[in-house]
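Examination of the molecular architecture
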Amino acid sequence: ISNIYFAGNNIVYVSTLGSGLIKAKVDLENKIKSFEIEKIYTEDEGLGSNYVYAALTDNNGRLYVATDGGGLQLLENDKFVDLTKRFKLASNTVFSLCRDRFNNIWATSNADGVLKFDGKTLQTINLQNGLRDAQPQQIIASENTVYALTSKGIDKIDCKDNSITYYDLFDG
């Protein structure tokens, strides 16, 4: 298991490294707890890779999946769409996902830096835009800022204009 995401309405997505993505219904409120698998998404169902790092839903309930080898996947109409191929990106691995307060989906990739998807267009924020590492490992959103954790510190990206400022490793 690489990640667990609670999507609301007692739905949980369990990311695995080799067995795809598990969608389950959980009941943690009652005396008898339950975990019931509803669906296992794998390459056989169209998922880009069985190696899944993370899953996340947007405010509209659309499911995004970060995979190793299959890039960024979006489940639409019960079919997976490979957003990295749709937007002709170099990346085939997405490590981390987050959603900002404007419902943009952010991701870290192995070759395109940080990805920002607004539901229609995908932007890349990379070394040319001021990102300090081409492969940030983790990404977190808070308020109007997305934080990309890199080998050089933390790159702070403004959610509206994509401007970047920094926390360095040796900042207090």
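Now for a quick tour of the structure.

Calculation criteria
- Residues numbered from 1 in each chain as written.
- Predicted model: local features only at pLDDT ≥ 70, side-chain atom pairs only at ≥ 80, totals over all residues.
- Heavy atoms only, no water.
- Salt bridge = Lys/Arg side-chain N within 4 Å of Asp/Glu carboxyl O.
- Helix = DSSP H or I, 4+ residues; strand = E, 2+ residues; numbered from the N terminus.
- Polar contact = N/O pair within 3.5 Å; in protein donor to acceptor, adjacent residues only side chain to side chain.

Thoughts on the pattern of salt bridges
Evaluation of the coordinates by the stated rule reveals six salt bridges. For Arg62, the salt bridge goes to Glu76, with nearest N and O atoms at 3.1 Å. With Arg62 in the loop between β5 (52-57) and β6 (63-67) and Glu76 in strand β7 (residues 72-76), the pair connects residues that are 14 residues apart, well separated along the chain. For Glu76, the salt bridge goes to Arg86, with nearest N and O atoms at 3.9 Å.

Focus on the environment of Ser151
Note that Ser151 resides in the loop between β14 (145-150) and β15 (153-158). Between the C-alpha atom of Ser151 and that of Arg132, which follows or precedes it by 19 residues, the distance is 8.6 Å. Here the side chain of Ser151 touches Asp133 through a polar contact of 2.9 Å, side chain to side chain.

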